[in-house]
Amino acid sequence: MLSADCIFCKIASKEIPADIVYEDEKIMVFHDLNKVAPVHVLVIPKKHIENMLDAEQEEGLLGHLMKSVATIAKMTNVAEDGFRLVSNTKENGGQTVPHLHFHLLGGRALDWPPG
Ligand code: AMP
Ligand code: ZN
């Protein structure tokens, strides 16, 4: 997919609105439209990368994103009780938006294994 057609690129550039929790020069965090847990935010790189399979050359960006998770977890009040961070990838993973994103889910006990 071209990044010009990508909904998360449009959110990252503020072409379309989102309920933004946090952003810096490299990443953005916003509430999922269809939340499946009391806390459900999406953590995305602003750069268009389709999924983890296209992120092999992105160590710096991924490192920055991952180390930001602790801050985001504290901001969304899930650090104390815990949370899940998941990135659905392609068809079998259930990925519906082809721009790399991590769901940060918390606020309740989550089942394992996933369905
Ligand atoms: P996935 O199915 O893992 O690719 O996750 C995509 C997520 O993006 C879903 O949980 C959707 O609810 C969410 N989503 C899609 N469009 C928007 C949007 N415009 N604003 C916020 N969340 C969105
Ligand atoms: Zn994109």
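Residues numbered from 1 in each chain as written. Chains lettered and ligands numbered in written order. Predicted model: local features only at pLDDT ≥ 70, side-chain atom pairs only at ≥ 80, totals over all residues. Heavy atoms only, no water.

## Some details on the side chain of His101
So, step 1. Among the secondary structure elements, His101 is positioned in the loop between helix 3 (90-93) and strand 5 (102-106).
So, step 2. With a relative accessible area of 5%, His101 lands in the buried category.
So, step 3. A distance of 2.6 Å separates the side chain of His101 from the backbone oxygen of His99, its partner in a polar contact.
So, step 4. Leave out the neighbours within four places in its chain, and His101 touches Phe8, Leu42, Val43, Ile44, Val86, Ser87 and Gln95. (Helix = DSSP H or I, 4+ residues; strand = E, 2+ residues; numbered from the N terminus. Buried < 20%, exposed > 50% of the residue type's maximum accessible area, 1.4 Å probe, protein only. Polar contact = N/O pair within 3.5 Å; in protein donor to acceptor, adjacent residues only side chain to side chain. Contact = heavy atoms within 4.5 Å.)

## Remarks on the pairing of strand 1 (residues 20-23)
So, step 1. Relative to strand 2 (residues 27-31), strand 1 is paired through three bridges, and the arrangement is antiparallel. Paired with Ile20 across the two strands is Phe30, which belongs to strand 2.
So, step 2. Taking the residues that link successive antiparallel strands as the turn, the strand 1-strand 2 hairpin has three residues. (Pairing = 2+ DSSP bridges.)

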